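Report on the structure
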Amino acid sequence: MRLRKVKGAEEKVASSSFVAHNAKENKGKWKQVFGNDKPIRLEIGMGKGRFITTLSKENQDVNYLGLERFQSVLVRAIEKREEDPEPNANLLFLCEDANDLTDIFEEGEIDEIYLNFSDPWPKARHAERRLTSGTYLAKYDKVIKKTGKVVFKTDNTELFDYSLESFQEHGWKIDSVIRDLHNSELAEGNIMTEYEIKFGKLGKKICRLEASR
Ligand SMILES: C[S@@+](CC[C@H](N)C(=O)[O-])C[C@H]1O[C@@H](n2cnc3c(N)ncnc32)[C@H](O)[C@@H]1O
């Protein structure tokens with residue numbers, strides 16, 4: 001992905017109280033960070049944060065973490081929260097790479113993972129970079145509770161089919177498959193991401209799956 005540098009992003013991310021800094025130091029202590037015992041759900045590659053910001057406002061009985069590796073993207077999510085007169089305390093952002101998940105979270109520390117419109121990495125030689133490759137599923141397997149699940153949405157049917165296979169190949173159960181989310185029974189409660197809005201307007205069908213162990 002080509003990324004435009006945003007002036008001041010580094011400073012803004014470093015000084016924001018909406019960001020959990022030095023995330024690796026909180027490994028095994030995320031409940032303490034939130035100061036309560038609520039379940040913790042994580043979005044990986046949250047981009048500008050529309051999905052997790054909306055979801056966390058609607059569900060105050062759950063804690064949410066939004067992980068994004070680029071400061072220039074994360075800063076947009078921070079700016080939007082700064083405009084909120086009543087920002088909710090059950091959401092924190094992390095400026096981290098999903099590669100480091102097992103350094104950030106203890107085994108079973110996360111209840112649910114959301115992957116929304118993850119980069120497709122279409123070339124076969126880059127397949128291991130996909131967030132639903134075996135490499136990443138092994139990390140999710142560690143950090144997610146045994147009863148936890150992964151929820152994945154994408155407009156990209158090749159990535160979706162690859163992901164269905166990948167989950168099953170690595171011992172996950174597929175609990176739900178929808179190939180046209182916006183015209184399904186889940187459409188009403190569905191919170192759209194920035195990419196989802198864009199692709200939905202182009203008439204693309206949105207696919208969604210849920211996987212568990
Ligand atoms: C295609 S965008 C989708 C953004 C958002 N989820 C949405 O649906 O609007 C993918 C995002 O995932 C982030 N990302 C990709 N790989 C990542 C990784 N390994 N760790 C953290 N973030 C990652 C990218 O920086 C980018 O912001």
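Each remark here, short or long, concerns the structure printed above.
Just so you know, these numbers come straight off a predicted model, no measurement behind them.

Moving on: the pairing of strand β3 (residues 91-94). Of the two faces of β3, the one carrying Leu 91 and Phe 93 and the one carrying Leu 92 and Leu 94 are both buried. With 4 bridges connecting them, strand β2 (residues 63-67) and β3 associate as parallel partners. For Leu 65, the partnering residue across the bridge sits in β3 and is Leu 92.

Leu 74, Leu 92, Phe 93, Leu 94 and Ile 113 are the most contacted members of the largest nonpolar core, which has 44 residues in total. A per-element tally of this core places helix α4 (residues 71-82) first, with 5 residues. Apart from residues lying up to four places away in sequence, Leu 74 is in contact with Val 13, Glu 68, Phe 93 and Cys 95. Ranked by size, the runner-up nonpolar core spans 5 residues in total, among them Leu 159, Leu 181, Ile 206 and Cys 207.

Right, let's get into the site of the ligand. Of all residues adjacent to the ligand, which total 20 residues, the nearest are Gly 45, Gly 47, Phe 117, Thr 193 and Tyr 195. Looking at which element gives the most residues to the shell around the ligand, the answer is helix α8 (residues 194-201), with 3 residues. Residue composition of the shell around the ligand, by class: 8 nonpolar, 6 polar and 6 charged.

For strand β6 (residues 173-178), the tally of buried residues reaches only 0 of 6 residues, placing the bulk of the element at the surface. Taken together, the 5 bridges between β6 and strand β7 (residues 207-212) define a ladder with antiparallel strand orientation. Pairing of Lys 173 across the sheet is with Ser 212, part of β7.

This part is about the sheet that holds β6. Where strands meet in a sheet, backbone hydrogen bonds hold them as pairs that are either parallel or antiparallel. Strand order across the open sheet formed by 7 strands is β3-β2-β1-β4-β5-β7-β6, with mixed pairing between neighbours. In this open sheet, the two strands that pair with only one neighbour each are β3 and β6. The average undirected angle you get between the axes of adjacent strands in this sheet is 15°. The sheet contacts of helix α6 (residues 134-143) involve β4 (110-116) and β5 (144-154), and relative to β5 the element is tilted by about 140°. Packing against the sheet, helix α7 (residues 157-169) makes contact with β5, β6 and β7, and its axis sits at approximately 10° to β7.

The rules behind the values
Here the residue numbering is sequential within each chain, running from 1 through the sequence in written order. Note on the predicted model: pLDDT of at least 70 is required for a residue's local features to be given, and 80 or more for side-chain atom pairs to be given and counted; whole-chain, interface and lining totals, by contrast, use all residues. Residue burial is a threshold on neighbouring C-beta atoms within 10 Å of the residue's own C-beta, all placed from the backbone, with 20 or more meaning buried, 12 or fewer meaning exposed, and counts in between meaning partly exposed. Starting at the N terminus, helices and strands are each numbered in turn, a helix being any DSSP run of H or I of at least four residues and a strand any DSSP run of E of at least two. Strand pairing follows a simple DSSP-based rule, namely that at least 2 bridges must link the two strands. Throughout this description, the term nonpolar core refers to a group of buried Ala, Val, Leu, Ile, Met, Phe, Trp, Tyr and Cys residues whose C-beta atoms join them within 7 Å. Residues are treated as contacting if the C-beta atoms built from their backbones sit within 7 Å of each other. We call a residue near a molecule or strand when its C-beta atom, built from the backbone, sits within 6 Å of it. Charged residues are taken to be Asp, Glu, Lys and Arg, nonpolar residues to be Ala, Val, Leu, Ile, Met, Phe, Trp, Tyr, Cys and Pro, and polar residues to be all remaining types, Gly included. Helix axes are fitted to C-alpha atoms over the stretch in contact, other axes to C-alpha atoms as well, and angles between N-to-C directions run from 0 to 180 degrees.

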